[in-house]
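Chain by chain, the residues:
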Amino acid sequence: MKKHIVIAGGGIGGMISALYLKKAGHDVTLVEKKERLGGRLAFVREKGYKIDEGPTIVLLPDMLKGIVQEVGIDDTSLDLLQLDPLYTIQYQDGTSYTKYYDLERQLEEIRRVFPKEDESFLAFMEEMTERFQKGQQAFLEKSFHEKRTFFTKDNMKILMKLKAYRTVQSALKKYFSDERLRDAYALQTLYVGGNPYEASAIYSLVSYSEHAHGIYYLKGGYASLVDILEKQLMAVGVNVKRNETVEQFEFEGKRAVRANIGGQSVEADAFVINGDYPAALKQLGLQEQDRRKYIPSSGCVMVYLGLNRVYQDAPVHQFFMGKQFDQHMKEVFQSKTVPQDPSFYTFNPSIIDPSLAPKGSSVLYMLIPVPSGQHINWAEETDFVEEMIDRLEKRGFPQLRESIVWKKVRTPNDSMRDGLFEGGSFGLAPNLFQSGVFRPQVKVPETENLYAVGASVHPGGGVPIVMQSAKLMASVLLKDLNERKEVKRSG
């Protein structure tokens, strides 16, 4: 029997959810408060330039392509370019370390920069191969909305194997003796807004995956994925409502029966929330559905630049490390103060994609991890941004200032205004007790037909992982609909 499902939020999670549910034969209404779909996957556009506003590093290509195929899109529509080298890390002492997909080149680079650490790297990759396979099957591909499905003997064994009780940094001490090399395989925790000195060692699998599965670039920018998904939404007949907001739900007992959409009462058989989970629940008046006190991920200051030149010798992706990475992490996650000597990331895509800027010009993106929260007024921290541009010019992009055509800055204050919990850029922090069964699940507690998807929902942040959460959510929702149908028939 065809049912009606309303999805509140047209981010990547909401779009993929809509496509799965429509494919299953149901009527789907997707409600987005803005004119455009895609959520955090968006472009900054200015004067004929464009650059990704949010995610830039494409990981887990097989998961990404697999889900796109499952919702009816030919994966050849994704023009993915594999990067090798992956990226370069610049240290304050002048050391430069490049990561490669090709194993032999990687071993040569380790021997060049970190003599005697090559065997340790091979041990790391060998042990992580088995752990990744088991971890993906046990945790990424399963929902734990029924908690008993998590606390099994097999899962506990896998968690012990993954050293989930240790932090990323402490787990890496087993493999690498040089602190700089440990930092090189711990900083990936920041991809999901986590502190490598606190996040579970499970997240060491991210740095492993870069080597094992590669890093990719989506031609036209990562946000081009939104256009591909939107085209499919239109093709299959999903009802997309733009510039409208789901304001509240009406319940009969534990069952949501209607949503208030732009002043109109709309009935549906199931409802999906695609927003930053804690903030979305609060906005909808549903805090009582989940009474936990959550910890946000890190925030980011992002600087977007349009340049009148192209830095052909600079890699697509680079990380510039501060003198003390651990001190930077303390400032971001503990003292929550403006960092004094932060590590930062740069994205220089025009060297592989000239479509992003006028001829002879380029775009450049700098991301600096900073504290989440509203206690820092970033509008008053203009010196911080200017100093970071000076550091960028000095350490990797000479004559940068004289090349700038335009500049835009995004801070945690902007993220809060856009509905991200505490201004965190990556959803909830990926610490141990906000991972797996301890993270919000795809079914909202104390409800019969209210579901959730997004970076703050299991299995977590990152575009392919959010898409996976949509797949898990759709599976649970469809199973619930089927069981309710069977109950009605037997009655």
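Everything numeric here is computed off the predicted structure, so don't read it as measured data.

Cut-offs used in this document
The residue numbers shown here count from 1 along each chain, following its written sequence. For a predicted model such as this one, the threshold for reporting local features is a pLDDT of at least 70, and the threshold for listing and counting side-chain atom pairs is 80 or more; totals across whole chains, interfaces and linings nevertheless cover every residue. Just so you know, side-chain values use all the structure's heavy atoms and leave hydrogens and water out. Think of it this way: any DSSP run of H or I at least four residues long counts as a helix, any run of E at least two long counts as a strand, and we number them from the N terminus. The size measure is the radius of gyration over C-alpha atoms, and the globule rule it meets is 2.2 Å times the number of residues to the 0.38 power. Only protein chains enter the accessibility calculation, which uses a 1.4 Å probe; a residue whose area is less than 20% of its type maximum is buried, one above 50% is exposed, and one in between is partly exposed. Contact between two residues is taken to exist if any of their heavy atoms lie within 4.5 Å; hydrogens are not considered. We get accessible surface area from the Shrake-Rupley algorithm with a probe of 1.4 Å; when it comes to residues, only the shown protein chains can shield them. We score Asp and Glu as negative and Lys and Arg as positive, and we do not count His or the chain ends. Lys charges are placed at NZ, Arg charges at CZ, Asp charges at CG and Glu charges at CD. Helix span, as expected, comes to 1.5 Å for every residue beyond the first. Within the patch definition used here, like charges are joined within 9 Å and nonpolar side chains (Val, Leu, Ile, Met, Phe, Trp, Tyr) within 5 Å, considering only residues with over 30% relative accessible area and no salt bridge. By convention in these notes, a salt bridge is any Lys or Arg side-chain nitrogen within 4 Å of a carboxyl oxygen on Asp or Glu.

**Student:** How should the overall build of the protein chain be read in this particular structure?
**Tutor:** If you tally the helices and strands in the protein chain, you get 14 helices and 19 strands. Relative to the compact-globule value of 23 Å for 491 residues, the protein chain shows a C-alpha radius of gyration of 22 Å, a close match. Each principal axis of the C-alpha distribution contributes one length, and for the protein chain these read about 75 × 55 × 45 Å. Counting only residues that meet the buried cut, the protein chain has 59% of its 491 residues in that class. Within the protein chain, residue pairs in contact and separated by at least 24 positions form 71% of the contacts whose partners lie at least 6 positions apart. In the form shown here, the protein chain has an accessible surface area of approximately 20600 Å², with 48% of it arising from carbon and sulfur atoms. Both charge centroids of the protein chain, one from 63 positive and one from 63 negative side chains, sit 4 Å from each other.

**Student:** I keep staring at helix H1 (residues 12-23) and nothing clicks. Help me out?
**Tutor:** Helical periodicity: at 3.6 residues per turn, an α-helix aligns residues three or four positions apart in one direction. The first and last C-alpha atoms of H1 sit 17 Å apart over twelve residues, in line with the 16 Å expected at 1.5 Å per residue. Across the twelve residues that make up H1, a large majority, eleven, are buried. Here H1 has its buried residues at Ile12, Gly13, Gly14, Met15, Ile16, Ser17, Ala18, Leu19, Tyr20, Leu21 and Lys22. Positive backbone phi, at 100°, marks Gly25, one or two positions downstream of H1.

**Student:** What's the story with a negative patch on the surface in this structure? I'm lost.
**Tutor:** Judged by side-chain charge, Asp84, Asp102, Glu104 and Glu108 come together as a negatively charged surface patch. Locating Glu108 in the fold gives a position in helix H3 (residues 103-113). On the basis of relative accessible area, Glu108 is assigned to the exposed category, the value being 52%.

**Student:** Please explain unusual backbone geometry as it appears in this structure.
**Tutor:** Comment: phi is negative for the bulk of residues other than glycine, and the bulk of peptide bonds are trans. Residue Pro85 follows Asp84 across a cis peptide bond; omega there is 15°. The residue Pro85 is located in the loop between strand E5 (80-83) and strand E6 (87-90) in this model. Phi angles above zero are rare outside glycine, and Lys47 is one such case at about 55°. Despite not being glycine, Gln399 shows a phi value in the positive range, around 60°. Residue class for Gln399 comes out partly exposed when judged on its relative accessible area of 41%.

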